[in-house]
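Architecture and fold: a report
Listed here are the chains, written in short residue letters.
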Protein chains: 2
Amino acid sequence: MSPETAKSLETKTKLLDGALRTLTEQGIAKTSARTVAAAAGVNQALVFYHFGSVDELLAAACRYGAERTVARYRPRLAAVTSLSELLTVGREIHEQERAGGHVALLGQLLAGAQTHETLGPATAAGLDLWIVEIEKVLTRVLAATPLGEFAGPAGLARAVAASFVGIELYEGVDATGATAALDALEQLGFVIGALEQLGPVAQRAVRHHLRRTSRR
Amino acid sequence: MSPETAKSLETKTKLLDGALRTLTEQGIAKTSARTVAAAAGVNQALVFYHFGSVDELLAAACRYGAERTVARYRPRLAAVTSLSELLTVGREIHEQERAGGHVALLGQLLAGAQTHETLGPATAAGLDLWIVEIEKVLTRVLAATPLGEFAGPAGLARAVAASFVGIELYEGVDATGATAALDALEQLGFVIGALEQLGPVAQRAVRHHLRRTSRR
DNA sequence: GTCTATACATGGATAGAC
DNA sequence: GTCTATCCATGTATAGAC
């Protein structure tokens, strides 16, 4: 791994951007030192000089890309105060990131992580950046809701993040199906939101029912 | 594409099984005519003789594998009559298929479908086998629930299928995180289930709230 | 320290042997 | 009709030029 001179940094950045472009446009199966270097406009061997191996480049690109994308939405997520507002922001993120493919990218890396050992931890870390933000919002938003008590924001945040990745991959093969899925989840969110609006008697009924049937 | 003599069929079957094994064990990135043929125990060139190209073999393997796996759970899903029962069956499917990797396989194919043109429709078709079954169950189970009215089983089924794939991929890089996610979704299901148990007054309140805030 | 030329491995596809 | 030997493209990695 090379030191941080100005020239080195420039080439590294080119390679990182090239890796992200290649992963989103061609997928993990077509991502190689050659294809990435071509996208970056540099010699193929520089991948190995600057990052040691293709996998390590992809791992670095994952951290780099995920941090950059999450940073873009951190302030907006921090401002969310209700579940329906969260759903709106979620839909917004989907619309904006679909074009750039920044979410499907995590899907490509998750698929690749199956074999490429070094990729697993890096991808988990990239997803965690999203999970941390989602969990913070859910903790705030679901505090008063039966969900906050029974499901727990930590698990829900992981479910939301992983599901999002799955739907984003699904969109690649069936765009209208993916839209239907997102619409349904939005409505599901409204139904959960409706629980907050119930009177105290009904809320107690729900909680009582949950305490009886819940398994944990 | 070769005709259906006994010997041809045998080689084809070997290749299909080899493709499934390679995809689940090595991932889409390491899946090639050579690796698949090695897993199948046949000469590499037979991929091209029997299926024309690697992509077409993978597409065929997707149909083959998905049909076989879905068939295994079709009767059990058909017997489901409540949401909580559906959740139990879902968890069962997860436990049983995790070992074989039959769900993550769809993730690998979704990742690969990004570029391999022929793979997209085949993967969508494979996912649809699951979606059809899930949708039938949801239609039955959610008929009486606000979700049936507002979200619609078609969209929900697609959301469930895609989310499952995402979580299954996520499990590859963070097993405990994936378990937390599944637990949370199970609890979410119980909360939805609790809505069914509400008295008519509370049910009307929920529906009224939804009609006001719903966007469609 | 940075990068290019080059060696060696793996993958895709076909001409022709059986 | 079924399969093998072989060719060329692509991928990984390094020795050595600048």
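So, a few notes on the structure that sits alongside this text. Values in this document were obtained by computation on a predicted structure and should not be read as measured data. (Residues numbered from 1 in each chain as written. Chains lettered and ligands numbered in written order. Predicted model: local features only at pLDDT ≥ 70, side-chain atom pairs only at ≥ 80, totals over all residues. Heavy atoms only, no water.)

**Regarding the overall build of chain A**
Within chain A, the regular secondary structure consists of 11 helices and zero strands. Counted from the first residue to the last, chain A has its helices and strands arranged as α-α-α-α-α-α-α-α-α-α-α. The principal-axis extents of the C-alpha atoms in chain A amount to approximately 70 × 35 × 30 Å. Out of the 216 residues belonging to chain A, those deemed buried represent 57%. Look at the contacts in chain A between residues 6 or more apart in sequence, and 67% of them connect residues 24 or more apart. Accessible surface for chain A amounts to roughly 9,100 Å². Of this, 57% is attributable to carbon and sulfur atoms. Charge separation in chain A, taken as the distance between the mean sites of 22 positive and 22 negative side-chain charges, equals 4 Å. (Helix = DSSP H or I, 4+ residues; strand = E, 2+ residues; numbered from the N terminus. Buried < 20%, exposed > 50% of the residue type's maximum accessible area, 1.4 Å probe, protein only. Contact = heavy atoms within 4.5 Å. Areas by Shrake-Rupley, 256 points an atom, 1.4 Å probe, with all protein chains shown as cover. Lys, Arg positive; Asp, Glu negative; His and termini not counted. Charge placed at Lys NZ, Arg CZ, Asp CG, Glu CD.)

**Quick notes on the protein's contact with DNA strand D**
Surrounding DNA strand D, one finds 20 residues, the nearest of these being Ala33, Arg34 and Gln44 of chain A together with Thr5 and Asn43 of chain B. The sugar-phosphate share of atoms of DNA strand D within 4 Å of the protein amounts to 45%. Between DNA strand D and the protein, one listed contact pairs a phosphate oxygen with a side-chain N or O atom of Ser32 of chain A at 3.1 Å. Take Thr11 of chain B: an N or O atom from its side chain is 3.4 Å from a phosphate oxygen of DNA strand D. Among the secondary structure elements, those contributing two or more residues to the surface near DNA strand D are α2 (33-40) of chain A together with α1 (6-26) and α3 (46-51) of chain B. Of the residues that constitute the surface near DNA strand D, the class distribution is eight nonpolar, 10 polar and two charged. (Near = heavy atom within 4 Å. Polar contact = N/O pair within 3.5 Å; in protein donor to acceptor, adjacent residues only side chain to side chain. Nonpolar A, V, L, I, M, F, W, Y, C, P; charged D, E, K, R; others polar.)

**Thoughts on the protein's contact with DNA strand C**
Close to DNA strand C lie 20 residues; Thr5 and Asn43 of chain A together with Ala33, Arg34 and Gln44 of chain B are nearest. Here the atoms of DNA strand C within 4 Å of the protein split so that 51% fall in sugar or phosphate, with bases taking the remainder. Tyr49 of chain A places a polar side-chain atom, nitrogen or oxygen, 3.2 Å from a phosphate oxygen of DNA strand C. Contacts to DNA strand C include His50 of chain A, whose side-chain N or O atom sits 3.1 Å from a phosphate oxygen. Secondary-structure elements contributing two or more residues to the surface near DNA strand C are α1 (6-26) and α3 (46-51) of chain A together with α2 (33-40) of chain B. Along the lines of polarity and charge, the residues of the surface near DNA strand C split into eight nonpolar, 10 polar and two charged.

**Brief notes about the relation of the copies chain B and chain A**
Two chain copies, one operation linking them: a rotation about an axis together with a shift along it. Superposition record for chain B on chain A: RMSD 0.1 Å, screw rotation 180°, translation along axis 0.0 Å. Put plainly, the chains are arranged around a two-fold axis. Taken together, the interface assignments show that 100% of the residues at the interface of chain B recur at the interface of chain A, consistent with an identical surface on both copies. (Least-squares fit on C-alpha atoms with pLDDT ≥ 70 in both.)

**Re the pattern of salt bridges**
Residues and elements named next belong to chain A. Enumeration over the complete set of coordinates arrives at 28 salt bridges over all chains. For Arg91, the salt bridge is made with Asp183, and the minimal N-O distance between the two is 2.9 Å. Taken together, the residues Arg91 in helix α5 (residues 83-100) and Asp183 in helix α10 (residues 175-197) connect sequence positions 92 residues apart. (Salt bridge = Lys/Arg side-chain N within 4 Å of Asp/Glu carboxyl O.)

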